[in-house]
Amino acid sequence: MTGFSRRGACPALSAPMQTGDGLLVRLNPVAGGVSPKALIGLCESALRHGNGVVEVTARGSLQIRGLTAESATLLAAEVDALGIAVRTGVPVETGPLAGLDPEEISDPSSLAARIREAIGAANLGARLGPKVSVVVDGGGRLNMSTVQADVRMTALAPDQWLLAVAGDARTATHVGVVAEADSCDAALAILNAVAERGREARARDLPSDGLMELLQRVSSFAPPSVLPDISPTRGEIGCHHDLRQSSTPQYERDENGRLISPLVGEMSGRTEGGNVERPSPVGILQLRDASVLGLGLPFGHIQAERMIALCREAEAAGAAEIRFAQQRAILLLGLSQSACPELQGKAASLGFVIDPLDPRRMIAACPGAPACASGRIAARDVAEQIARESGAALDPSVTLHISGCAKGCAHPARSALTLVGDEKGAGLVVDGTAKGLPAAYTPGYELARSFGGVAALLTKERRPGETTAECIARLGESRLAKAFQQG
Ligand code: SF4
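Fair warning: this is a prediction, and the values are worked out from it, not measured in the lab. (Residues numbered from 1 in each chain as written. Predicted model: local features only at pLDDT ≥ 70, side-chain atom pairs only at ≥ 80, totals over all residues. Heavy atoms only, no water.)

1. Side note on the overall build of the chain
Within the chain, the secondary structure is distributed over 11 helices and 22 strands. A buried classification covers 57% of the 487 residues belonging to the chain. Surface exposure of the chain reaches about 20,300 Å², of which carbon and sulfur atoms provide 50%. (Helix = DSSP H or I, 4+ residues; strand = E, 2+ residues; numbered from the N terminus. Buried < 20%, exposed > 50% of the residue type's maximum accessible area, 1.4 Å probe, protein only. Areas by Shrake-Rupley, 256 points an atom, 1.4 Å probe, with all protein chains shown as cover.)

Set out below in structure tokens:
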């Protein structure tokens, strides 16, 4: 699969990754989205050459799995024939509504394009490791606050960007504020410094005092020491907008104790108290002159035939474009307001997630056994069962990660709760990753029932106004482990 010279070839498309269920390709359209017709063609290719399932990742990339070296070559040729140019090189990501959302602070598209061009001109793609990425976040309703990146440029004003490194909006280290004219140079200065440390290096490896030195050459750079409201604490520098997104949104509960989301009826929003919450791409969003329908893929995947059926319905309803969005979702663009509810209903009947509070959105699960040869548990089957039987115990403050093995493909970051398969059965890891040491075990076939014990404990013990994450932290590992073992 090497030696591709095809126009628009993406490294992931020209050099697929080996996984436990064959080769995997990941692609992002250069244009931001694809037409419904093009997505139908792509799904037909996935049916012909892959395992018949299409996936959208937490970062909003389309994935096709189950390929062989030969079928991946055919797929790549068909993507090209469909006229879908895919991004190559170092990912420079913007929000899925970049340039379209009237609430965004600044359209990030132009800065992102300049950074991509500068990366190419400096040949940084060959010198940086494959996981190094840049986020250019213009703000707005589907901002990129939860997406991790080595370099983050976040709009503070139409001509002013906050530069931060290594993390998401809450955890990244803020470096300073740069003017629009210098923002591309500032991002490149960081990337060059990472490249100088070798292909294994990431922005988190850069010494913070070195960052300041690097940026001295950027004329309008304002280091934190001259910014107002500065805290010496990592990632807590004050600025014009509160960029510290709440990781535990303030949800209310109805009389039955179920969560009521301030997102209901819209894609994202602010609580009455003014907390900016995690943006959700699922729901109906009104733009200036058209509506957007956001749909989740259950656990990030769906049968290609169902996606094809949705595309046909979307096209008939007037959708002009489909974009892949963070948090395992797709956005149907160009719809009239009146077309959205009916299309949303059809999407639900095809298996798409239409409610931001659907428990399936709070569970990350890889294919697991038997689809993946490395899988010790049937991760997605278990996830379906847990969502159905115990989903009411979850809320958007947590991600329950269900992993077929310790590799943890579906959610490499820490989770409040992780269920992971290994040679001893299925383990429960509290506040860790799939590689963490399980606090308790159960046989794989008992996993959903055992988690039911944890869910029952959370439901019983949660205090009024407390989130699931807060309740888990208060109960602690040993009580959760006991509930898991008792089932
Ligand atoms: S985490 Fe899941 S998809 Fe990844 S290798 Fe393990 S079983 Fe396979």
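Next comes the rest of the write-up.
2. Concerning empty space enclosed by the protein
Applying the stated criterion to the full structure yields 1 cavity of 30 Å³ or more. When its volume is computed, the largest cavity comes out at roughly 60 Å³. Along its surface, the largest cavity is lined by 13 residues, and Gly95, Ala98, Glu104, Gly139 and Leu142 are the ones closest to its centre. Here the residues of the lining of the largest cavity are counted per class, giving 4 nonpolar, 5 polar and 4 charged. (1 Å grid on protein atoms, 1.4 Å probe; cavity = no way out; pocket = protein on both sides within 12 Å on 5 of 7 lines; lining within 4 Å. Points joined across faces, edges and corners; volume = space filled by probe spheres on them. Nonpolar A, V, L, I, M, F, W, Y, C, P; charged D, E, K, R; others polar.)

3. Quick look at the sheet that holds strand β2 (residues 22–27)
Two orientations exist for strands paired in a sheet by backbone hydrogen bonds: parallel and antiparallel. With antiparallel pairing, the 5 strands of this open sheet are ordered in space as β1-β2-β5-β4-β15. Each edge of the open sheet is held by one strand with a lone partner, namely β1 (17–19) and β15 (301–303). Each strand of the sheet is rotated relative to its neighbour by a mean of 30°, with strand direction disregarded. Against the sheet, helix α2 (residues 36–49) makes contact with β2, β4 (53–56) and β5 (62–67), and its axis sits at roughly 20° relative to β5, the strand it touches most. (Pairing = 2+ DSSP bridges. Axes fitted to C-alpha atoms, helices over the stretch in contact; angles between N-to-C directions. Contact = heavy atoms within 4.5 Å.)

4. Brief notes about the sheet that holds strand β14 (residues 291–296)
Strand order in the open sheet made by the 5 strands is β3-β16-β17-β14-β13, with antiparallel pairing throughout. In the strand order of this sheet, the two ends are held by β3 (33–34) and β13 (283–286), each with one partner. Where strand β16 (residues 321–325) and strand β17 (residues 329–335) come together, 5 bridges link them in antiparallel fashion. Bridge assignment links Glu321 to a residue of β17, and that residue is Leu333. The strands that α2 touches are β3 and β16; relative to β16, the one it contacts most, it runs at about 60°.

5. Quick look at the site of the ligand
In the neighbourhood of the ligand, the contacting residues comprise Cys366, Pro367, Cys372, Ser374, Gly375, Ser403, Gly404, Cys405, Lys407, Gly408 and Cys409. Within the shell around the ligand, the residues separate by chemical class into 5 nonpolar, 5 polar and 1 charged. (Near = heavy atom within 4 Å.)

6. Quick look at a positive patch on the surface
The grouping of Arg26, Lys131, Lys407 and Lys435 at the surface amounts to a positive patch. One can find Lys435 in the loop between β21 (425–432) and β22 (440–442). On the accessibility criterion, Lys435 (63% relative accessible area) is exposed. (Patch = residues over 30% accessible without salt bridge, like charges linked within 9 Å, V, L, I, M, F, W, Y side chains within 5 Å. Salt bridge = Lys/Arg side-chain N within 4 Å of Asp/Glu carboxyl O. Lys, Arg positive; Asp, Glu negative; His and termini not counted. Charge placed at Lys NZ, Arg CZ, Asp CG, Glu CD.)

7. Side note on the side chain of Arg65
Mapped onto the secondary structure, Arg65 falls in strand β5. At a separation of 2.9 Å, a polar atom in the side chain of Arg65 contacts the side chain of Glu55. (Polar contact = N/O pair within 3.5 Å; in protein donor to acceptor, adjacent residues only side chain to side chain.)

8. Regarding unusual backbone geometry
Pro370 follows Ala369 through a cis peptide bond whose omega is -5°. If you trace the backbone, Pro370 turns up in the loop between β18 (363–365) and α9 (379–390). Here the phi dihedral of Phe299 falls at roughly 55°; this positive angle occurs in a residue that is not glycine.

9. Things to note about the environment of Pro281
Within the secondary structure layout, Pro281 lies in the loop between β12 (259–260) and β13. Owing to a relative accessible area of 1%, Pro281 belongs among the buried residues under this scheme.

10. Structural notes on helix α6 (residues 208–215)
Taken together, the buried positions of α6 are occupied by Leu211, Leu214 and Leu215. The buried side chains of α6 occupy one side of the element, clustering within an arc of 85° when seen end-on. Turned more than 90 degrees from where α6 packs its buried face, Asp209 and Glu213 sit exposed. The inward-facing, buried residues of α6 contact β9 (160–167), β10 (173–179) and α5 (180–196). (Arc of directions from axis to C-beta.)

11. Considerations on the environment of Gly487
Secondary-structure assignment places Gly487 in the segment after α11 (468–486). Taking the relative accessible area as the measure of exposure, Gly487 reaches 36% and is therefore partly exposed. The contact partners of Gly487, leaving out residues within four places of it in the chain, are Arg449, Ser450 and Gly453.

12. Side note on the pairing of β4
In regular strands, side chains alternate between the two faces of the sheet. Residue alternation in β4 divides its side chains into two sets, Val53 and Glu55 and Val54 and Val56, and both sets are buried. As paired strands, β4 and β15 are joined by 3 bridges and run antiparallel to one another. Looking at the pairing, Val54 lines up with Ile302 of β15. When β4 meets β5, the two strands line up antiparallel, connected through 3 bridges. Its bridge partner being in β5, Val54 is matched across the sheet by Ile64. The antiparallel pairing of β4 with β5 creates a hairpin that spans 5 residues between the two strands, and Gly60 there sits at a positive phi of about 85°.

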